[in-house]
Amino acid sequence: METLKKVVTNEYFPAAAVLSGVMLFWILGFFGGLSLLSTRQSPVTTLTWMMFVYAAAVLSPLAGLVAAIDLVRRWLRNRQAGAAETA
């Protein structure tokens, strides 16, 4: 339980979780995540699903980019702080 608490309270956790979610979304999409469109659904259900997928396809790369930039920024800041402490 203590290990889980350390992971969740880590400063890298939010950005890493977003980046993992984006990668999972795209991996599932590449392996046939749009299977709902192959079954017979009402037009409203199909339209809602298509709008959700469109929004996710547009917004997920942006969220992934922001998360990756945040991870690199935090890593560089911590690296510089560690170098300043040892000097």
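Residues numbered from 1 in each chain as written. Predicted model: local features only at pLDDT ≥ 70, side-chain atom pairs only at ≥ 80, totals over all residues. Heavy atoms only, no water.

A. Region of the structure containing the overall build of the protein chain. The helix and strand tally for the protein chain stands at three helices and zero strands. Secondary structure of the protein chain in N-to-C order comes out as α-α-α. A globule of 87 residues ought to have a C-alpha radius of gyration of about 12 Å, yet the protein chain, at 19 Å, is considerably larger. Counting only C-alpha atoms, the protein chain reaches 65 × 30 × 20 Å along its principal axes. Burial analysis of the protein chain (87 residues in total) assigns 11% to the buried set. The contacts in the protein chain between residues at least 6 apart in sequence include a share of 76% that link residues at least 24 apart. Only carbon and sulfur atoms are counted for the fraction: they give 73% of the accessible area of the protein chain, which is about 7000 Å². In the protein chain, 7 positive and 4 negative side-chain charges are present, and the distance between their average locations comes to 9 Å. (Helix = DSSP H or I, 4+ residues; strand = E, 2+ residues; numbered from the N terminus. Rg over C-alpha atoms; globule rule 2.2 N^0.38 Å. Buried < 20%, exposed > 50% of the residue type's maximum accessible area, 1.4 Å probe, protein only. Contact = heavy atoms within 4.5 Å. Areas by Shrake-Rupley, 256 points an atom, 1.4 Å probe, with all protein chains shown as cover. Lys, Arg positive; Asp, Glu negative; His and termini not counted. Charge placed at Lys NZ, Arg CZ, Asp CG, Glu CD.)

B. Examining the packing of aromatic side chains more closely. Evaluated as defined, the whole model comprises two aromatic pairs. An angle of 85° between the planes, with centres 5.5 Å apart, marks the rings of F25 and W26 as edge-to-face. Using a relative accessible area of 27% as the deciding quantity, one classes F25 as partly exposed. For W26, a relative accessible area of 30% puts it in the partly exposed group. (Phe/Tyr/Trp six-rings, centres within 6.5 Å; stacked < 30°, edge-to-face > 60°.)

C. Helix α3 (residues 43–86), seen in detail. Here α3 is 44 residues long and its end C-alpha atoms lie 63 Å apart, about the 64 Å a rise of 1.5 Å per residue gives. Of all the bends in α3, the greatest reaches close to 30° and is centred on L59; the proline P61 follows between one and four positions later. Every buried residue of α3 is accounted for by V53, A56, S60, G64, A67, D70, L71 and R74. Where α3 is buried, its residues contact α2 (13–30). (Expected span 1.5 Å × (residues − 1). Bend = angle between axes of the 7 residues up to and from the residue.)

D. Just the environment of E11, in detail. Relative to the helices and strands, E11 is located in the loop between α1 (2–8) and α2. A residue is classified by how much of its surface remains accessible, and E11, at 28% relative accessible area, is partly exposed. Polar contacts involving the side chain of E11 include one to the side chain of R74, which spans 3.3 Å. Among the polar contacts made by the side chain of E11, one reaches the side chain of N78 at a distance of 2.8 Å. (Polar contact = N/O pair within 3.5 Å; in protein donor to acceptor, adjacent residues only side chain to side chain.)

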